[in-house]
Amino acid sequence: MLGAIITGDVTYTLLDNNNSFQQPYFPPSTTVSTILGQSHLKSNTLTVGSTVSNISSSSSVWIRFVSSDENFTLSHGEYDIMSENFLNFTKNPPIHLQYILNGIFMPFLLLMTSIANGLVVIVLSQREMQTPTNIVLLAMSISDLLTLMCPAPWYFYLYTLEHYTELLYPSLLCYIHLCLVDILPTIFHTASIWLTLILAGQRYIYVCHPTVAPKWCTIPIVNRAIVLVSVGSIATHLTRFVDQSYSSIESHLPDGTIVYACLQNHTQWVSNNSDLYFMIYYLVRIIFINTLPCAILVILNVLLFRALKQAQSTRAKLFNENRHKSECKRTICDTNCTTLMLIVVVSVFLATEIPNAIIGTLHVIQNSINYSFVNYYLLTSAIVITNFLISASYPLNFAIYCGMSRQFRETFKGLFMSTSVATMASSTHREGSTRYSLANGPRTSTHETVL
């Protein structure tokens, strides 16, 4: 909710419900000579030089507006700015933390992620890298990259260029902001979460149930799963595209200043059942996008780690007995390295997603029961930080692949290194391909190869 606006020969200032100072709501140079309206003030009068403590968060300030939206029913009249939701970025704390993370660090993070994930996409798109596991990793890299790229232009404009104190206008621009900063990143991140679940489940089948892997872990099945994940992610958040409406507003102040803004409201079908709608939407998000996938991934990671320890014991016995071919020993080693790499990938994912799920759950519970367990400012600050950490984890996958996957390194060298190095890498890769085929059966579309 918007707080009171100080009027008089002072700067227009926005207060939150705790009467704490925020950024200027109108341009700092805007002043008026009379009080437009006041009620429920802590003191009888509002004079020049009044401090923010003299203004109640329930104070009512009226402004006159002219709507430029032909669909808006009122063309001229008085509006209570307290009861309406103007799209103003400074009303959502913590604005200074968002400026630091999204304005200063985010451009560098975007550059790193674009390069790292771009290289991952190029390498995993190569024909010799087309395996069920690699296809999932490729889809994850694309989803992560899009999650960060969608809001990047707005972060740069609002926070890097410091336009966050300005009201956004007109209504079309406000709707585009909603889509690029809120809805589309959420869709892509949802897809990334479910793809990570597919990746862990697929590896579990390979390691713990290898006899059914040729039937269930195939490229056609993986492609269909990716399509279902994409459709499901869009369907889950589809209503978000039509639950908000924006109107372009021109606010005329007594000194002749005109302030342009977007008036944000719920659409009619949401307004009639807003509590029920948001309860269902966020309940689905918390259960099926945050909590349940994280719980399943923790279980699968534990099972994979146990299987990895057993495989290492088997490998140690082969070395001690010294009666198996070295090719067989290498096969087990390759398989173990792939499993360990995917365990690391999932662990990095869980390290950022579990805190995000806990904080998101607390936030939804507080809003649902209208009771505060945690200070609102601290909770929103934690959300901003965890979202940034999730974005910061995206470039790490490239380092994990390079450090733990021989085939990824060889393909990368063949694509980007000098001709002599590429020739050597290609030769090594052809030898390695035989090993990978022996490890997992013939190199066909229905058999996994080690990444």
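Bear in mind that the values here come from a model prediction, so they are computed numbers and not experimental data.

I'd like to hear about the environment of Ile104, residue by residue, with values.
Tracing the backbone through its elements, the reader meets Ile104 in helix α1 (residues 95-124). Remark: the alpha-carbon pair of Ile104 and Thr160, spanning 56 residues in sequence, is separated by 6.0 Å.

Give me the side chain of Ser192: which residues, what numbers.
Tracing the backbone through its elements, the reader meets Ser192 in helix α4 (residues 171-208). We classify Ser192 as buried; its relative accessible area is 2%. For Ser192, the contacting residues outside a window of four places in its chain are Met140, Ser143 and Asp144.

Which residues make up the pattern of salt bridges, and what values go with them?
One pass over the structure, following the stated rule, counts three salt bridges. When the shortest N-O distance is used, the salt bridge between Asp243 and Arg240 registers 2.8 Å. The class of Arg240 is buried, set by a relative accessible area of 6%. Between Arg406 and Glu410 there is a salt bridge, with its nearest N and O atoms 3.8 Å apart. Taken together, the residues span about one helical turn, with Arg406 and Glu410 both in helix α12 (residues 406-416) at a distance of four residues. For Arg406, a relative accessible area of 26% translates into the label partly exposed. With a relative accessible area of 8%, Glu410 lands in the buried category.

Please give an account of the confidence of the model for the protein that cites residues and values.
When pLDDT is low, close inspection of the predicted coordinates is not appropriate. On average, the protein scores 74 in pLDDT, and the residues at 70 or more come to 66%. Every residue in residues 1-84 scores below 50 in pLDDT, and together they form 187 contacts with partners more than four places removed in sequence or on other chains. This model gives residues 427-450 a pLDDT under 50, and the stretch forms 50 contacts once residues within four places in sequence are excluded.

Kindly report on α4, identifying the contributing residues and their values.
Its 38 residues place the ends of α4 54 Å apart at the C-alpha level, agreeing with the 56 Å of an ideal helix rising 1.5 Å per residue. For α4, the principal kink sits at Cys179 and spans about 35°.

A description of the state of the cysteines should follow, citing residues and the corresponding values.
With the rule as written, the count across this model stands at one disulfide. Shown here is the disulfide that connects Cys174 with Cys262, its sulfur atoms set 1.9 Å apart. Between Cys174 and Cys262 the sulfur-sulfur dihedral comes to about 90°; the bridge is accordingly right-handed. Note that Cys174 is positioned in helix α4 and Cys262 in strand β7 (residues 258-266), a separation of 88 residues in sequence. Its relative accessible area of 0% is what places Cys174 among the buried residues. Given the relative accessible area of 0%, Cys262 is considered buried.

Tell me about a nonpolar patch on the surface, and name the residues and values.
On the surface, a nonpolar cluster with roughly 750 Å² of combined accessible area is contributed by Leu276, Met279, Ile280, Leu283, Val284, Ile287, Phe288, Leu292 and Ile296. Inspection of the secondary structure puts Val284 in helix α8 (residues 274-321).

Outline the packing of helix α2 (residues 132-149) against α4, supporting the account with residue identities and numerical values.
To characterise two packed helices, one gives the angle between the axes of the helices and the distance between these axes. Viewed as axis vectors pointing N to C, α2 and α4 meet at an angle of 160°, and their least axial separation amounts to 8 Å. In terms of axis orientation, α2 runs roughly antiparallel to α4. Crossing hand, α2 versus α4: left-handed. Taken together, the residues of α4 that come into contact with α2 (itself represented by Pro132, Thr133, Val136, Leu137, Ala139, Met140, Ser143, Asp144, Leu146 and Thr147) are Pro185, Phe188, His189, Ala191, Ser192, Leu195, Thr196, Ile198, Leu199, Gln202, Arg203 and Tyr206. Here the residues of the contact of α2 with α4 sort into 13 nonpolar, seven polar and two charged.

An account of empty space enclosed by the protein is requested, with residue identities and associated values reported.
On inspection of all chains with the given rule, the structure shows two cavities of 30 Å³ or more. The volume enclosed by the largest cavity comes to roughly 120 Å³. Lining the largest cavity are 14 residues, and of these Asp144, Phe349, Ser393, Tyr394 and Asn397 lie nearest its centre. Among the elements of the structure, α2, α4 and α9 (326-369) are those that each provide at least two residues to the lining of the largest cavity. Among the elements that make up the lining of the largest cavity, the one with the highest residue count is α9 (five residues). The class makeup of the residues in the lining of the largest cavity is six nonpolar, six polar and two charged.

Definitions and limits used
Residues numbered from 1 in each chain as written. Predicted model: local features only at pLDDT ≥ 70, side-chain atom pairs only at ≥ 80, totals over all residues. Heavy atoms only, no water. Helix = DSSP H or I, 4+ residues; strand = E, 2+ residues; numbered from the N terminus. Buried < 20%, exposed > 50% of the residue type's maximum accessible area, 1.4 Å probe, protein only. Contact = heavy atoms within 4.5 Å. Salt bridge = Lys/Arg side-chain N within 4 Å of Asp/Glu carboxyl O. pLDDT = per-residue confidence, 0-100. Expected span 1.5 Å × (residues − 1). Bend = angle between axes of the 7 residues up to and from the residue. Disulfide = S-S within 2.5 Å. Patch = residues over 30% accessible without salt bridge, like charges linked within 9 Å, V, L, I, M, F, W, Y side chains within 5 Å. Areas by Shrake-Rupley, 256 points an atom, 1.4 Å probe, with all protein chains shown as cover. Axes fitted to C-alpha atoms, helices over the stretch in contact; angles between N-to-C directions. Parallel < 35°, antiparallel > 145°, perpendicular 65-115°, else oblique. Left-handed = near helix turned anticlockwise from the far one by under 90°. Nonpolar A, V, L, I, M, F, W, Y, C, P; charged D, E, K, R; others polar. 1 Å grid on protein atoms, 1.4 Å probe; cavity = no way out; pocket = protein on both sides within 12 Å on 5 of 7 lines; lining within 4 Å. Points joined across faces, edges and corners; volume = space filled by probe spheres on them.

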